[in-house]
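Here are the chains, one letter per residue:
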Amino acid sequence: MEFLWAFVVGGGICVIGQLLLDVAKLTPAHVMSSFVVAGAVLDAFDLYDNLIRFAGAGATVPITSFGHSLLHGAMDQADEHGFIGVAIGIFELTSTGIATAILFGFLVALVFKPKG
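Residues numbered from 1 in each chain as written. Predicted model: local features only at pLDDT ≥ 70, side-chain atom pairs only at ≥ 80, totals over all residues. Heavy atoms only, no water.

Looking at this structure, how should I read the overall build of the chain?
Per the secondary structure count, the chain includes six helices and zero strands. Along the first, second and third principal axes, the C-alpha atoms of the chain reach 45 × 40 × 30 Å. Taken over 116 residues, the chain has a buried fraction of 23%. Of the contacts made within the chain by residues no fewer than 6 positions apart, 45% connect residues no fewer than 24 positions apart. Counting 4 positive and 9 negative side-chain charges, the chain places the averaged centre of each group 26 Å from the other. (Helix = DSSP H or I, 4+ residues; strand = E, 2+ residues; numbered from the N terminus. Buried < 20%, exposed > 50% of the residue type's maximum accessible area, 1.4 Å probe, protein only. Contact = heavy atoms within 4.5 Å. Lys, Arg positive; Asp, Glu negative; His and termini not counted. Charge placed at Lys NZ, Arg CZ, Asp CG, Glu CD.)

It is not clear to me how the nonpolar core should be interpreted in this structure. Could you clarify?
Note that soluble globular proteins tend to have their nonpolar side chains buried in a common cluster. Within the largest apolar cluster, eight residues are counted, these being V9, I13, V31, F35, Y48, I52, A55 and A59. The set of elements that each furnish at least two residues to this core consists of helix 1 (2-22), helix 2 (28-44) and helix 3 (48-55). The element best represented in this core is helix 3, accounting for three residues. In contact with I13, other than residues within four places in its own chain, are F35, G58, P62 and T64. (Core = buried A, V, L, I, M, F, W, Y, C linked by side-chain atoms within 4.5 Å.)

What follows is the structure, encoded as structure tokens:
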């Protein structure tokens, strides 16, 4: 049953993204930014952790989880270190994902001829 709910929730997030692209005519950058903000807002109201417990990877794999991680880390460290903890927390939980995106973006740019 866990796999089914992960598929349904993750697929539902993807369907929402595709509808935003096709119907609302948003650019991929707008959709991605909207999903990051949506994940942060859901985490602010303590809803995203419940979604993760319910759907597992269906909620942790999409880009909404990145927004959740940004806010979750910032709030945890802000409690301990104050204002500087916000910056510490943002990068503590998301540094692996950011570094991986930069590395693979660079490697793909070396292999393929980038446009623009």
